[in-house]
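Per-entry structural report
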Amino acid sequence: MAVSRSHALSIALLSFFVWTVVSSDPDPLQDFCIGDLNVVPGINGFPCRNASAVTVDDFIYSGIVNSSNTTNINRSGAIFGTVLRFPGLNTLGLSIARLDFLPEGIIPPHTHPRASEMVYVEEGTIYAAIVTADNRLFARVMNRGEVMVIPRGLIHWQMNVGRTNAKIIATLNSQLPGIQFIARSMFGSRPEVPDEVLEKTFFLGERSINQVRSNFD
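The rules behind each value
- Residues numbered from 1 in each chain as written.
- Predicted model: local features only at pLDDT ≥ 70, side-chain atom pairs only at ≥ 80, totals over all residues.
- Heavy atoms only, no water.
- Helix = DSSP H or I, 4+ residues; strand = E, 2+ residues; numbered from the N terminus.
- Contact = heavy atoms within 4.5 Å.
- Areas by Shrake-Rupley, 256 points an atom, 1.4 Å probe, with all protein chains shown as cover.
- Core = buried A, V, L, I, M, F, W, Y, C linked by side-chain atoms within 4.5 Å.
- Buried < 20%, exposed > 50% of the residue type's maximum accessible area, 1.4 Å probe, protein only.
- Phe/Tyr/Trp six-rings, centres within 6.5 Å; stacked < 30°, edge-to-face > 60°.
- Axes fitted to C-alpha atoms, helices over the stretch in contact; angles between N-to-C directions.
- Parallel < 35°, antiparallel > 145°, perpendicular 65-115°, else oblique.
- Nonpolar A, V, L, I, M, F, W, Y, C, P; charged D, E, K, R; others polar.

Looking at the overall build of the protein chain
Summing up its helical and strand segments, the protein chain has four helices and 10 strands in all. Its helices and strands taken in sequence order, the protein chain reads α-β-β-β-β-β-β-β-β-β-β-α-α-α from the N to the C terminus. In the protein chain, the proportion of contacts linking residues at least 24 apart, taken out of those at least 6 apart, comes to 70%. For the protein chain, the accessible area works out to roughly 12400 Å², and carbon and sulfur atoms hold 58% of it.

Have a look at this one:
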């Protein structure tokens, strides 16, 4: 059955309200606290801007209206709406992201160290997976209208297995969830991870290591 845009919006809003209650970030102490991004954040986020200067536009984010850039080796792209781009999220323990995929595109294995995540397939057919700390793989193909929950800190990925472009809307229960890609962290870090560590970890020779590294230059 086709899923309307209003249905998609309802799911996204439900995610926001549920995770406001059980957010991983500290609870807010006021109705709202639009972040002042010109000041260094503290443990509970950014200092609040003067409430008298707040307008309705501070509660609206238009950054995910357009598609993200998919002209890269992964044939995918992401636009994140964290507090750094959407100051209205400050102290609310929430963020949002739009993921776009060309056919065969992938968001490679990664983790969010400070947040759990819900991904909603708005368009296309996605192979989504989670790997737990005891190395169990939970994976299957998701279709339009389906939602997957990804526990905080677990390795996960999404890949477009359909013949058309795909789109995911993700919500996370932190205003700054963080993201760490496994391959980029090991092969693209600066300074470089020593060859000996990569050889013993991934059973690769020097030539293969350099070839993988070249993708992250």
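There is more to say, and it comes next.
Considerations on the nonpolar core
Within the largest apolar cluster, 16 residues are counted, with the highest numbers of intra-cluster contacts made by L99, F101, V119, I126, M148 and I168. Residue assignment for this core shows that the elements contributing at least two residues are β2 (95-101), β4 (117-123), β5 (126-131), β7 (147-150) and β9 (166-172). In contact with M148, not counting residues within four places along its chain, are E117, M118, V119, A128, I130 and M142. By size, the runner-up hydrophobic cluster in this structure holds five residues, among which are F187, V193, L198 and I209.

Section: the packing of aromatic side chains
Tallied over the full model, the rule gives three aromatic pairs. Arranged with centres 5.5 Å apart and planes meeting at 85°, the rings of F32 and F59 form a pair that is edge-to-face. Of this pair, F32 sits in the loop between α1 (5-21) and β1 (76-81) while F59 sits in the loop between α1 and β1, placing them 27 residues apart in sequence. Classification of F32 as partly exposed rests on a relative accessible area of 32%. A ring pair is formed by F187 and F202, whose centres lie 5.2 Å apart and whose planes are at 40°; its orientation type is tilted. One end of the pair, F187, is in helix α2 (residues 182-187); the other, F202, is in helix α3 (residues 195-202), and 15 residues separate them in sequence.

Points about the packing of α3 against helix α4 (residues 206-213)
Two numbers describe how α3 lies on α4: the axes approach to 10 Å, and their chain directions differ by 100°. When the axis of α3 is compared with that of α4, the two are roughly perpendicular. Contact residues: D195, L198 and E199 in α3; E206, I209 and R213 in α4. Here the residues of the contact of α3 with α4 are counted per class, giving two nonpolar, no polar and four charged.

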